[in-house]
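One-letter residues, chain by chain:
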Amino acid sequence: INIIKELGNISPENRKFYVGKELEFYSARLLSPIEMAQDEPLEVELNINRNSSLVKEFTIEVMLEDFYGKSVGSFISNVYQVPLKDHFTILISLPKHNLARGLYSLQFNIGMKSNDDYGHKDYDVVYNMLNFEVKYIDRLTKEPIIVWRDEWGNLQIREGEVTVV
C-alpha cells in the first residue's frame, strides 16, 4: 500500500460520485505518525473551501477502511457553524480508536448527518485520502504488536470486566 500522509490538491479520482461541493475539501494532512501506536490519538487536519453562503451548519464524518477496503467504522461529529470566511480548517482528534495492528485508510464526508429533522446531506465526500499503520502497543515504548490475526477483527477492546462465578 502506498502510504499517504498529506494530500494537497484533492483530485476527481478522490470523489466517487457527484456532490454539490457547497463545502469542499481542498487538502488533508495526517498529524499523527504514519506508524502509530494503539494508544496514540488519530489526528488529521482538513482544509475546506466555503463555496456557498447558504450553508450555515455542517457535520464531519471520518470513515476508516482496512487494507482490503472493508469498512471498519466511522466517527460523525456534532453539528458546527460554518465560519464566515472563504477557507477554514477542521482539526479532528480520535483519542481512543482501539484499532488493531494493520494498515488503514481514511475517507471524509462534510455535510449534514443527524437523527433529527436534517436527515442526510452530502456537501463533499472524498475517498482514499490518508493512510497509516497501527504498529505498536504504546507510543512511549514503541513495543511492536507481534501477533494479530485477521479473524480477530480490526478493533482491540482494551478495557472490560470479567467475573468468574
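Residues numbered from 1 in each chain as written. Predicted model: local features only at pLDDT ≥ 70, side-chain atom pairs only at ≥ 80, totals over all residues. Heavy atoms only, no water.

Asks: Provide a residue-level description of the pairing of strand 10 (residues 120-136), including the pertinent values.
Replies: The buried count for strand 10 comes to 12 of 17 residues, which makes it a mostly enclosed element. The sheet contact formed by strand 3 (residues 35-37) and strand 10 spans 3 bridges and is parallel. Across the sheet, the residue bridging to Ala37 is Tyr136, located in strand 10. Note that strand 9 (residues 102-113) and strand 10 share 11 bridges and pair antiparallel. Following the sheet pairing, Ser105 is matched in strand 10 by Asn131. (Buried < 20%, exposed > 50% of the residue type's maximum accessible area, 1.4 Å probe, protein only. Helix = DSSP H or I, 4+ residues; strand = E, 2+ residues; numbered from the N terminus. Pairing = 2+ DSSP bridges.)

Asks: Give me the lowdown on the packing of aromatic side chains, citing residues and values where you can.
Replies: Applying the stated rule across the entire model yields 6 aromatic pairs. With centroids separated by 5.7 Å and ring planes inclined at 25°, the aromatic side chains of Tyr104 and Phe132 adopt a geometry described as stacked. Note that Tyr104 is positioned in strand 9 and Phe132 in strand 10, a separation of 28 residues in sequence. The class of Tyr104 is buried, set by a relative accessible area of 1%. Each residue in the set Phe58, Tyr80 and Phe88 is aromatic and connected to the rest through ring pairs, giving one cluster. When the ring centre of Tyr127 is taken as origin, the NZ or CZ atom of Lys16, which lies over that ring, is 4.4 Å away. (Phe/Tyr/Trp six-rings, centres within 6.5 Å; stacked < 30°, edge-to-face > 60°. Lys NZ or Arg CZ within 6 Å of the ring centre and 35° of its normal.)

Asks: Outline the nonpolar core, listing residues and values.
Replies: Ranked by size, the top nonpolar core spans 35 residues in total, and within it Leu106, Phe108 and Phe132 carry the most contacts. Put simply, the parts of the chain that give this core at least two residues each are strand 2 (23-30), strand 4 (42-50), strand 5 (57-66), strand 8 (87-94), strand 9 and strand 10. Counting residues per element, this core draws most heavily on strand 10, at 6 residues. (Core = buried A, V, L, I, M, F, W, Y, C linked by side-chain atoms within 4.5 Å.)

Asks: Can you lay out unusual backbone geometry for me, pointing to particular residues and giving the numbers?
Replies: Despite not being glycine, Asn98 has its phi angle at roughly 55°, a positive value. For Asn98, the location among the structural elements is in the loop between strand 8 and strand 9. Residue classification places Asn98 among the partly exposed residues on the basis of a relative accessible area of 30%. The backbone phi angle of Asn128 is positive, close to 50°, even though this residue is not glycine. The topology assignment puts Asn128 in strand 10.

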